[in-house]
Amino acid sequence: MAQSAEPSEKIWGNFYGPNMGYVEEQYELYKEDPTVVDPTLKAMFDKHGAPQWMDHTGLQNQQVSGEISTNDVKKITSAMRYLDAIRRFGHLEADIYAVGGWDEKTNLLDPKTYNITDEDLKNIPATWLWDKAPTHVENGYDAVAFLRKKYTGKISFEYDHVNSDEERKWLLNRIESGEFELTLTEVEKKQLLERLINVEGFEHFLQKTFVGQKRFSIEGLESMVPVLDQIVKSANNDKIENIMMGMAHRGRLSVLAYVLGKPLDKIFSEFHHAPDKELMPSEGSMGINYGWSGDVKYHFGATREVKNDEASTRVKLAHNPSHLEFVNPVVAGFTRAAQDNRDEKGYPVQDLNKAIGVLIHGDAAFIGEGIVPETMNLSGLIGYRTGGTLHIIANNLIGFTTDRKESRSTRYASDLAKGYEIPIIRVNADDPIACIRAIQLAYEYSHEFKKDCVLDLVGYRRYGHNEMDEPRATQPILYSEIDTHPTVTEIFSDVLTNEGIVTADEVNAMKEKHQNELQAVYDGMKEDELSGISEVNMPTVLANSIDHYETAVPLEDLKKLNADLLNRPEDFKGFKRLERVFKRRQNILEEGHKADWGEGEALAFASILKDGIPIRITGQDSERGTFAHRHLVLYDTETGEKYCPMHGLEDANASFDIHNSPLSETAVLGFEYGYSIQSPETLVIWEAQFGDFANVAQVIFDQFISSARAKWGDKSNMVMLLPHGYEGQGPEHSSARLERFLQMAGENNWIVANVTSSAQFFHLLRRQAKMRGREEARPLVVMSPKSLLRNERVASEAKEFTEGKFLPLRNQPNLKVSKKNATRLLLGSGKVMVDIEEEIANADEKFDWLRALRVEQLYPFPLEQLKKEIDQLPNLEEIAWVQEEPKNMGSWRFVLEYLRDLAKDGQEIRYIGRPERASTSVGEPNIHKVIQKKVVTEAIRPAKGGNSSEGN
């Protein structure tokens, strides 16, 4: 306790007036629990004991002291609340708006709200309020001024919603110590100015050269380019190998030119006709290839290698459709694929330093599009996390013509991120140095904690939504301000001129130099002498057959793989009922036994891994399978530990990655598509819980998976398993909307299959895996089964796996073929053909008049194989297509054109199935059974004088 009296007297003699009461109160707390008081006071109490004035002074002095103490504590508490308010709400008064700031004022930053005056603040030592106050901050008044400068300037911060105390302290220390505030040399400031001059000059050149053409100018947000420069620089210094970027239209051309290094002549050539000539890029630029049908110039991406003496960083900007924000999960998939090492069996080994993601959002789209939170929700999930994405909101205050107050229910566009505990940094885009400092803090946080961070880059747009749009009709007040507002280049030029770093003449010289360079590139381009524009066709390789792949596996290899799948780690205690099911799999490859769908799938996966091909499969409930057919992640019933049988394969030569997905279709499918693009050697599989739910992700199917290769040259080999089949489960659990995938089928852009045996599925998957990384690679859409998963008629014998290959056109099993007598050719696909097989097996009559074939691959349609079959039927009178979907759905309208080409004179084409319907199916199971029975009966017991197809 107390040491010598003299030192204690000197120490306690420094306290007087209100401060004495505060110390007394703290000492009473110290006596109860020393850990609850300020560490500085605790050390003093430990060394010197109680203040000397507390040692039995008169009652009157104690009473006076007590009165002062109460008031003192209130003042200190109020001051603390005020400082905390500056930290929490400083953003409400921050100078982050170049134009169009909020008119509302707040009382949260008014000292009167806290019943405290400037004089009160001056009487309180700063260290009593803030233990890490800088030495020059002596009292509460100084502390308020200092924190206001930090939290209400050109940069503002929101991080109070982050629950991690460690992260909040880290951010507070970085902000208040100023560690993140990069100091630029005069040379660096001049380089920054030149960068801004180039970006602004590029946009001006496009505006005057390609008059009236859309380009979605960056003007008003030019600082985005130095922000991205800083990310690239920091990532390269940290030896990060990949930066995966996604962004919408705004500023894309400037980012392509100045961050990605896309040749200017290539950009110029992508504009429509110039006033004086058609433009051809130089030979070097022509080497940049996209798809054959192409896209508008502000949808294309690019790649660039950035090198220093020690590291190389690849910067990749993803191609992007006009559907705002849907590129977000695609970029996340790119990033994860670049991080994963898939060379060894087991789960891939993830290295977060291999890649980072950067997403540039529009302010209206960030909070308006649901895909944004869907993608953010992936950020912390084990199957999807990428160790932190940098989000940049290119905030131009308006969504097309819609004001902020009409487009969101929150103050800021970035408020959405609070729900995911993502720190938010806002910065005035008119201050480029502040912008660089802000993104550096965001980068450091993300790199330190492997979490997302948001930079809200608050600027404006110089023109309307595009350069052909007139914004003054809908935002007259805002644009009257913008019209007179200087550009960031002008603002920063004045700053550097006032600092004596540049002169006005030097600035003008830099502008003129860059305009001359742009003009020289333009003047040096060749004129396109072609008389017209010719359409480019798809690559020849896509038109070639893919039936040549050998997919059979020797029996002994399959037996070994199957045995390994049944092994368990020592002391692993599996779920007994499930282990009994697995035990029955021991003999599936023996004579007299068959492998059902789940077993055939497992053998396909195992054999693909043996071939050294990585597999990734995700979806809602995919570890078990929606219908409990897969069970590729097992749980120890006592410890809860997981075990994946695919990881126990002795002969596996690649990783097997399987995860249950969140309840999301769009973000997860987009993620898997991105993964498949970045890792073409991996067989990537997405499984819908029910095929019906795939339509939630229609944008990903339409704008990416089905068309990306034609537009952009992106090759994907991913597989989509969409459970499909009419079984009386109602409109939302029957149809995977097969018709939509067939409607989008063209130029051999994907494969659409509806297979009916485990061996067929086995060969189909193995063929898909063998196409990985090849020019003929393309996505595979499978109408996968539900009730058929355990149907004996879908199970296959061992020889069906060890012989042959996938058959696009397959004989109807258990139907005696009499080609000479056949008068009807019955064609169909999927479950209805199994129902027909069952009906024929239970019938007494002969069906020698019937030839039936299953179209297992609907696209590319097996036209030649079917033609050969028809040529072998001399007495054929009609070709009937049977389906369980309504007539305006399913395959009918797709196959009809092929059947018309195949039918010979005198041969009718007939439709058998449900009539046109608004809904995919009925809801009542008994009604379903009646309708299904009618379809099956009509297929094999035709009524006399039935209607032909084309009129039905």
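For clarity, every value in this text was computed on a predicted model and none was experimentally measured.

The rules behind these values
Residues numbered from 1 in each chain as written. Predicted model: local features only at pLDDT ≥ 70, side-chain atom pairs only at ≥ 80, totals over all residues. Heavy atoms only, no water. Pairing = 2+ DSSP bridges. Helix = DSSP H or I, 4+ residues; strand = E, 2+ residues; numbered from the N terminus. Axes fitted to C-alpha atoms, helices over the stretch in contact; angles between N-to-C directions. UniProt positions renumbered as here; feature names shortened; annotations may be inferred. Domains from an automatic or database assignment. Contact = heavy atoms within 4.5 Å. Buried area = accessible area lost by both parts, 1.4 Å probe. Salt bridge = Lys/Arg side-chain N within 4 Å of Asp/Glu carboxyl O. Polar contact = N/O pair within 3.5 Å; in protein donor to acceptor, adjacent residues only side chain to side chain. Patch = residues over 30% accessible without salt bridge, like charges linked within 9 Å, V, L, I, M, F, W, Y side chains within 5 Å. Areas by Shrake-Rupley, 256 points an atom, 1.4 Å probe, with all protein chains shown as cover. Lys, Arg positive; Asp, Glu negative; His and termini not counted. Charge placed at Lys NZ, Arg CZ, Asp CG, Glu CD. Buried < 20%, exposed > 50% of the residue type's maximum accessible area, 1.4 Å probe, protein only. Parallel < 35°, antiparallel > 145°, perpendicular 65-115°, else oblique. Left-handed = near helix turned anticlockwise from the far one by under 90°. Nonpolar A, V, L, I, M, F, W, Y, C, P; charged D, E, K, R; others polar. 1 Å grid on protein atoms, 1.4 Å probe; cavity = no way out; pocket = protein on both sides within 12 Å on 5 of 7 lines; lining within 4 Å. Points joined across faces, edges and corners; volume = space filled by probe spheres on them. Expected span 1.5 Å × (residues − 1). Core = buried A, V, L, I, M, F, W, Y, C linked by side-chain atoms within 4.5 Å.

As for the sheet that holds strand E19 (residues 683–687)
Taken in spatial order, the 7 strands of this open sheet run E18-E15-E19-E20-E22-E21-E26, and their pairing is mixed. The two strands at the open ends of the sheet, each matched to only one other strand, are strand E18 (656–660) and strand E26 (857–859). Direction aside, the axes of adjacent strands within the sheet are offset by 20° on average. Sheet topology note: the strand E21 (residues 751–753)/strand E22 (residues 780–782) ladder contains 3 bridges and is parallel. Within the sheet, the bridge partner assigned to Ile751 lies in E22 and is Leu780.

Brief notes about the UniProt feature "domain: Transketolase-like pyrimidine-binding" (unreviewed entry) in the protein chain
Following the UniProt record, the feature "domain: Transketolase-like pyrimidine-binding" (unreviewed entry) maps to residues 595–791 here. What you have in residues 595–791 is 30% helix and 14% strand, and the ends, taken at the C-alpha atoms, are 11 Å apart.

Focus: the domain arrangement of the protein chain
Buried accessible area, meaning the area lost when the parts come together, often serves as the stated size of an interface. Along its sequence, the protein chain is organised into domain 1 (8–54), domain 2 (186–523), domain 3 (555–803) and domain 4 (809–940). Summarising the inter-unit geometry, the C-alpha centres of domain 2 and domain 3 are found 38 Å apart. Opposite the 42 residues of domain 2 that make contact, domain 3 presents 46 residues. Buried surface at the junction of domain 2 and domain 3, summed over both partners, amounts to about 3400 Å²; 64% is from carbon and sulfur atoms. Sorting the residues of domain 2 by area buried against domain 3 places Arg342, Tyr347 and Tyr384 first, and these three jointly supply 21% of that buried surface. Here domain 2 and domain 3 share 1 salt bridge between them. Here Glu681 ties to Arg342 by a salt bridge, and the two come within 3.1 Å at their closest N and O atoms.

Here's the deal with the sheet that holds strand E23 (residues 809–811)
Overall, mixed pairing links the 5 strands, which are arranged E23-E25-E24-E27-E28 in an open sheet. Taken across any chain shown, the strands that pair with only one partner, and hence form the sheet edges, are E23 and strand E28 (908–914). On average, adjacent strands in this sheet sit at an angle of 25° to one another, irrespective of strand direction. As paired strands, E23 and strand E25 (residues 850–855) are joined by 3 bridges and run antiparallel to one another. Bridge assignment links Leu809 to a residue of E25, and that residue is Val855. The sheet contacts of helix H34 (residues 892–902) involve strand E24 (824–828), strand E27 (878–886) and E28, and relative to E28 the element is tilted by about 165°.

Description of the side chain of Arg250
Tracing the sequence through the fold places Arg250 in the loop between strand E2 (242–247) and helix H11 (252–258). Separated by 3.5 Å, the side chain of Arg250 and the backbone oxygen of Ser217 make a polar contact. Side chain to side chain, Arg250 and Asn396 meet in a polar contact 3.3 Å long.

Here we look at a positive patch on the surface
On the surface, Lys576, Arg577, Arg580 and Arg584 cluster together into a patch of positive charge. Locating Arg580 in the fold gives a position in helix H24 (residues 576–583).

Brief notes about the pairing of strand E13 (residues 453–458)
In terms of burial, E13 is a largely internal element, 6 of the 6 residues being buried. Of the two faces of E13, the one lined by Cys453, Leu455 and Leu457 and the one lined by Val454, Asp456 and Val458 are each fully buried.

Examining the environment of His391
Positionally, His391 belongs in strand E9 (residues 389–395). Taking the C-alpha atoms as reference points, His391 and Met245, separated by 146 residues in sequence, lie 9.9 Å from one another. If we ignore the near neighbours within four places in the chain, the residues touching His391 are Leu359, His361, Met376, Asp452, Cys453, Val454 and Leu455. A polar contact is formed between the side chain of His391 and the side chain of His361, at a distance of 2.9 Å. A distance of 2.9 Å separates the side chain of His391 from the side chain of Asp452, its partner in a polar contact.

Examining the packing of helix H14 (residues 327–339) against helix H26 (residues 666–678)
Between H14 and H26, the least distance of the axes is 6 Å, while the angle of their chain directions is 45°. Our classification of the angle between H14 and H26 gives oblique. Pair H14 / H26 crosses with right-handed handedness. Residues Pro329, Val330, Ala332, Gly333, Phe334, Arg336, Ala337 and Ala338 of H14 touch H26, and the partners they reach there are Thr666, Ala667, Gly670, Phe671, Tyr673, Gly674, Tyr675, Ile677 and Gln678. Its residues assigned to classes, the contact of H14 with H26 comprises 11 nonpolar, 5 polar and 1 charged.

Focus on the layout of surface pockets
Empty space within the second largest pocket amounts to approximately 650 Å³. What lines the second largest pocket is a set of 23 residues, among which Asp84, Arg87, Tyr159, Leu172 and Glu176 lie closest to the centre. The set of elements that each furnish at least two residues to the lining of the second largest pocket consists of helix H4 (59–89), strand E1 (155–158) and helix H8 (165–177). Of the residues assigned to the lining of the second largest pocket, the class counts are 8 nonpolar, 3 polar and 12 charged.

Digging into helix H7 (residues 140–151)
Helix length check: H7, at 12 residues, gives a terminal C-alpha distance of 16 Å against a target of 16 Å (1.5 Å per residue), a fit within 8%. Listed as buried for H7 are Gly140, Ala143, Val144, Phe146, Leu147, Lys150 and Tyr151. The opening residue of H7, the one whose side-chain oxygen lies 3.0 Å from the backbone nitrogen of Tyr141, is Asn139.

Brief notes about the nonpolar core
Ranked by size, the top nonpolar core spans 96 residues in total, and within it Phe202, Leu228 and Phe268 carry the most contacts. Top element by residues in this core is helix H18 (residues 432–449). It accounts for 9 residues. Within the second largest apolar cluster, 80 residues are counted, among which are Ala318, Ala332, Leu359 and Leu722.

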